Amino acid sequence: MAYHLPNCSSLQVISFPVVQLHLNRTAMRASQKDFENAMNQVKLLKKDPGNEVKLKLYSLYKQATEGPCNMPKPGVFDLINKAKWDAWNALGSLPKETARQNYVDLVSSLSSSLESSSQVEPGTDRKSTGYETLMVTSEDGITKIMLNRPTKKNALNVEMYHEIMHALKAASKDDSAITVLTGNGDYYSSGNDLTNFTDIPPGGVEEKAKNGAILLREFVGCFIDFPKPLIAVVNGPAVGISVTLLGLFDAVYASDRATFHTPFSHLGQSPEGCSSYTFPKIMSPAKATEMLVFGKKLTAGEACAQGLVTEVFPDSTFQKEVWTRLKAFAKLPPNAMRISKEIIRNREKEKLHAVNAEECSVLQGRWLSDECMNAVVNFLSRKSKL
Ligand SMILES: CCCC/C=C/CC(=O)SCCNC(=O)CCNC(=O)[C@H](O)C(C)(C)COP(=O)(O)OP(=O)(O)OC[C@H]1O[C@@H](n2cnc3c(N)ncnc32)[C@H](O)[C@@H]1OP(=O)(O)O
């Protein structure tokens, strides 16, 4: 079983060392040299090719060196090894020589598409902010917290949860008047990073679920307690926890490209972010049920009609219009805004913390269910998407 290392990208779960481990093998054949070169090239790739490609590389490697998969199928909770087994087994009786050739071809196509890429991945200036998964800036009275994993649709990995909490705590104390959360790239956020489920600690899945519930409770608590006006600038589709949290924001501005999707039942999970309380209040119990229980995806216009979104802007003018407005808001007297927020929100705080605790406890149980495990395995093995 592969485990995450602290601060490592989730992609390392299915890691290059799986391939490297076998470099010492020396069976020489006609195309063995190409094969070995290709294995070395894999180590030199500068950009991570993604789990799907790494699974393909793994399966071709195994087929080329060991032939058809004859290992017993790993258990459903052994997510990583099951994904690897599925990929290898899917190659059936592909001859070793063909697998070797396919491996060489795949590495060669990767080398040209990834190595030569001159595109600078967003987030490379992260040293300037000290964050790995966020870009945080403060100007014109506005602290902007930008989710910065665009290639992962800004999915929230464990590091990002911690960094957002850190950034919110810092923003609550800095001299900005308002705080904004937004996303880099085409998505606002695709919600919880499903690979978070694969990092199983020595205490097993129960400990994993318990730790997840503790993290989630603390994370949502930071939004409940945030003292300044908190505004979401929803630049694109939003999924899962990035949607539910919107009920705790003071204003939500959305591009007309944004969608709002909480497919909890599809994932064998249950609502969080206090949405089991805020959504029925914002949009009526029946509309909240359509979203939170049946996973109905709302357009930005629909979310605005339901009261979840404050205002929708055409995508072409979204950034300009929203930031002009926010800069004007940020010029208002900060203490007055803070006190007014307090009087609007404070009588609900205790209730929200209680709801948060209950939701986290229910989710802890859900994460251990077959329904949830199967949904995660299906996503990771590329059998399903929303
Ligand atoms: C500890 C606290 C827990 C709190 C719990 C919260 C509950 C939730 O938030 S539930 C919502 C969970 N989110 C999802 O189920 C979304 C899963 N993602 C998708 O269905 C699709 O990726 C998409 C519809 C969002 C986008 O599809 P599209 O075809 O446009 O792009 P992709 O090729 O799928 O994505 C690009 C890249 O990003 C990776 N990725 C996207 N979303 C996630 C995610 N949520 N978790 C992990 N990885 C994600 C995707 O795998 C691709 O990666 P590779 O390039 O490496 O293949």
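Residues numbered from 1 in each chain as written. Predicted model: local features only at pLDDT ≥ 70, side-chain atom pairs only at ≥ 80, totals over all residues. Heavy atoms only, no water.

A. Region of the structure containing the site of the ligand. Lys152, Asn192, Leu194, Arg382 and Lys385 are the nearest of the 28 residues found near the ligand. Ile241 places a main-chain nitrogen or oxygen 3.0 Å from an oxygen atom of the ligand. Against a free-state accessible area of 1100 Å², the protein chains account for coverage of 84% of the ligand. A class-by-class count of the residues in the shell around the ligand yields 13 nonpolar, nine polar and six charged. (Near = heavy atom within 4 Å. Polar contact = N/O pair within 3.5 Å; in protein donor to acceptor, adjacent residues only side chain to side chain. Areas by Shrake-Rupley, 256 points an atom, 1.4 Å probe, with all protein chains shown as cover. Nonpolar A, V, L, I, M, F, W, Y, C, P; charged D, E, K, R; others polar.)

B. Geometry of the pairing of strand β4 (residues 230–234). Of all five residues making up β4, five are buried, and the element is well covered by its neighbours. Burial of the side chains of β4 extends over both faces: Leu230, Ala232 and Val234 are buried on one face and Ile231 and Val233 on the other. Here strand β3 (residues 178–183) runs beside β4; their pairing, made up of four bridges, is parallel. Bridge assignment links Thr182 to a residue of β4, and that residue is Val233. (Buried < 20%, exposed > 50% of the residue type's maximum accessible area, 1.4 Å probe, protein only. Helix = DSSP H or I, 4+ residues; strand = E, 2+ residues; numbered from the N terminus. Pairing = 2+ DSSP bridges.)

C. Representation of the domain arrangement of the protein in the model. You can read the domains of the protein as domain 1 (32–111) and domain 2 (134–384). Each of domain 1 and domain 2 has a C-alpha centre, and the two are 37 Å apart. Listed as interface residues are nine residues of domain 1 and, on the opposing side, 13 residues of domain 2. Across the interface of domain 1 and domain 2, roughly 950 Å² is buried in total on both sides, 72% from carbon and sulfur atoms. Connecting domain 1 to domain 2 are zero salt bridges. At the junction of domain 1 and domain 2, the tally comes to zero residue pairs in polar contact (both at pLDDT 80 or more). Counting residues per element, the side of domain 1 that touches domain 2 draws most heavily on helix α4 (residues 79–89), at four residues. Classifying every residue of the side of domain 1 that touches domain 2 by side-chain character gives five nonpolar, one polar and three charged. (Domains from an automatic or database assignment. Contact = heavy atoms within 4.5 Å. Buried area = accessible area lost by both parts, 1.4 Å probe. Salt bridge = Lys/Arg side-chain N within 4 Å of Asp/Glu carboxyl O.)

D. Here's a closer look at the packing of aromatic side chains. Enumeration over the complete set of coordinates arrives at nine aromatic pairs. Centroid distance Phe35 to Tyr103: 5.1 Å. Interplanar angle 70 degrees. Geometry classified as edge-to-face. Taken together, the residues Phe35 in helix α2 (residues 32–44) and Tyr103 in helix α5 (residues 96–115) connect sequence positions 68 residues apart. Each member of the pair, Phe35 as well as Tyr103, is classed as buried. (Phe/Tyr/Trp six-rings, centres within 6.5 Å; stacked < 30°, edge-to-face > 60°.)

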